[in-house]
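A closer look at the structure
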Amino acid sequence: MLDFDTAQARMVEAGQATDKTENCLLHEALGRVLAETITATVNLPPDDNSAMDGYAVRLADFHPDQALPIQQRVYAGESPAALKPGHAIRLFTGSLIPAGADTVVIQENCTETDNTVTIHSTPQLGENVRKRGEDMAAGQVILQAGTRLEPAELTCLAAQGRDRISVYKRLRIGILTNGDELVVPGQALGPAQIYNTNGPTLAALSAGMGAQVVHQIHAPDQPQAIEKALATLRVDCDLILTVGGISVGEKDYVRPALEQAGASLDLWKVRMKPGKPVALAWLGETPVVCLPGNPVSAYVVFALMVTPLIRRMQGRSDCLPPVNTGRLNCNRPYKETRAEFLRVRAATDKQGTLLLQPYAKQGSNIISSLADSDGLARIPPDTLTGDGAMVSYYAWHDWLR
Ligand SMILES: Nc1nc2c(c(=O)[nH]1)N[C@H]1C(S)=C(S)[C@@H](COP(=O)(O)OP(=O)(O)OC[C@H]3O[C@@H](n4cnc5c(N)ncnc54)[C@H](O)[C@@H]3O)O[C@H]1N2
Ligand code: MOO
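Parameters at a glance
- Residues numbered from 1 in each chain as written.
- Chains lettered and ligands numbered in written order.
- Predicted model: local features only at pLDDT ≥ 70, side-chain atom pairs only at ≥ 80, totals over all residues.
- Helix = DSSP H or I, 4+ residues; strand = E, 2+ residues; numbered from the N terminus.
- Rg over C-alpha atoms; globule rule 2.2 N^0.38 Å.
- Buried ≥ 20, exposed ≤ 12 C-beta atoms within 10 Å, placed from the backbone.
- Domains from an automatic or database assignment.
- Contact = placed C-beta atoms within 7 Å.
- Nonpolar A, V, L, I, M, F, W, Y, C, P; charged D, E, K, R; others polar.
- Pairing = 2+ DSSP bridges.
- Axes fitted to C-alpha atoms, helices over the stretch in contact; angles between N-to-C directions.
- Parallel < 35°, antiparallel > 145°, perpendicular 65-115°, else oblique.
- Left-handed = near helix turned anticlockwise from the far one by under 90°.
- Arc of directions from axis to C-beta.

1. Structural notes on the overall build of the chain
When you go through the chain residue by residue, the secondary structure sums to eight helices and 27 strands. Its C-alpha atoms give the chain a radius of gyration of 30 Å, more than 25% over the compact-globule value 21 Å for 401 residues. Taken along the three principal axes of its C-alpha coordinates, the chain extends 95 × 50 × 40 Å. For the chain, buried positions account for 38% of its 401 residues.

Structure, rendered in structure tokens:
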């Protein structure tokens, strides 16, 4: 059986970064991956402007409690004249700084009477002046190709006046669930039936990664039905995810169906808990990741094994998100022959250390543990690990985007 880190590295290496790009409108770019490196073409701010509502002065003209004539009122969006010696210009947050002015005094420290202003504080040179290009300077690289576009990145693009950008084409994912016991949510459950949760879960996780779910197929426990579904999926998908039917049960038909379809097996079984019966196969050029059917196992394997592959295929530069360290806060020790990933709540103590509290029930069927956890604490294999131990922590927030 492969150890976890080797298997994870193999998943990343297996992915072929896309080179297919398209133009995308800014307002549709959330979650897309930049295919071009963005260099600032305009300074931000384009010119010195005021950070506050107040009065622009030349500091050398300042004398305590002396009234300066107000030369002009300048609102944001207007171009001021040059400041005359011994004068002040009334301005507002975002107003351009007039030539000759070097300091803005906030209005709370001034009294305005008869078109003159008296300053009651002692201003510092340059206070409340936002300098041209201090945020982004023309010519400076602001975003690298391979970056996933979050609201913050979209803000930078908008600030540069970009309304369209080059992004990589969306990764097309196909999902195959199987199992005779499964029913689509919305229908009544019959005897011995349960709802198909893995289908909607993997679709949502894929969408959260910015991928497009082109097919979501459910097959009964019949080899031919699974083969037929695989044949459909390989036509339209860059990546196929199967879930369930991959273990050693008598009706676990995914592996035989893949073999029948001519797939080659790349990786099979990983020393991790949950998630042991994970597989990577190739249907021609198309990678197929087989996830274990237990809902928690599928979720954890998606986060730790599938998202690195997805990021690589999407052209992203951050295939492996950060792994943090935290202190286990628990009332029992853990020990397994596989690397164990516990669903934990994370909190920070007064010293700033992450405290990781495992969810009481860690079975791979305990769906409620997913919504009630912040991420996964990693217990090393064959090592008794208990309260106070420092362990690796994988935050959902980092690993599911
Ligand atoms: N004798 C052994 N039994 C099992 C082993 C083993 O090594 N030897 N491995 C166990 C582990 S670990 C896991 S994980 C599961 C994985 O089994 P499969 O991937 O073959 O999945 P299934 O048997 O089809 O289903 C497992 C479980 O999950 C439920 N399930 C499946 N699909 C869905 C779905 N779409 N939505 C909701 N729930 C689903 C299914 O009803 C089963 O309860 O095997 C262990 N057994
Ligand atoms: O992947 Mo299984 O969930 O280890 O029980």
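2. Some points on the domain arrangement of the chain
Structurally, the chain comprises domain 1 (2-20 + 169-314), domain 2 (21-44 + 150-168), domain 3 (49-130) and domain 4 (324-399). The C-alpha centroid of domain 2 is placed 32 Å from the C-alpha centroid of domain 1. Counting residues at the interface gives five residues for domain 1, matched by six residues for domain 2. Looking at the side of domain 1 that touches domain 2 residue by residue, the classes come out as no nonpolar, three polar and two charged.

3. Here's the deal with the pairing of strand β9 (residues 110-113)
For a regular strand, side chains alternate in direction, first toward one face of the sheet and then toward the other. Two elements, β9 and strand β10 (residues 116-119), share four bridges in a ladder whose sense is antiparallel. Pairing of Thr-111 across the sheet is with Thr-118, part of β10. Between the antiparallel neighbours β9 and β10 lie two residues, among them Asp-114 with a positive phi of about 45°.

4. Some points on the environment of Ala-281
Mapped onto the secondary structure, Ala-281 falls in strand β21 (residues 279-283). Separated by 19 residues in sequence, Ala-281 and Gly-262 place their C-alpha atoms 10.0 Å apart.

5. Some remarks on the packing of helix α3 (residues 198-208) against helix α6 (residues 295-314)
Across the interface, α3 lies against α6 with an axial gap of 10 Å and an inter-helix angle of 15°. Classified by the angle their axes make, α3 and α6 are roughly parallel. Crossing handedness for the pair α3 and α6: right-handed. Judged by residue contacts, Asn-198, Thr-201, Leu-202 and Leu-205 of α3 engage Pro-295, Ala-298, Tyr-299 and Phe-302 from α6. Classifying every residue of the contact of α3 with α6 by side-chain character gives six nonpolar, two polar and no charged.

6. A few points about the sheet that holds strand β19 (residues 264-268)
Here six strands make up an open sheet; going across it, the order is β17-β14-β18-β22-β21-β19 and the pairing mixed. Of all the strands in the sheet, the pair left with one neighbour each is β17 (212-219) and β19. Recorded for the sheet is a direction-independent mean angle of 20° between the axes of neighbouring strands. Pairing analysis gives four bridges linking β19 to β21, with the strands arranged antiparallel. Directly across from Leu-267, in β21, lies its bridge partner Leu-280.

7. Description of α3
Looking at α3, one finds that the buried residues are Asn-198, Gly-199, Leu-202, Leu-205 and Ser-206. Take α3 and look down its axis: the buried residues cluster within an arc of 135°, on one side only. Among the exposed residues of α3, those pointing more than 90 degrees away from its buried face are Ala-204 and Gly-208. Its buried side turned inward, α3 meets β14 (172-178), β17, β18 (239-243) and α6. Just downstream of α3, Gly-210 is the residue with a positive phi angle, here 85°.

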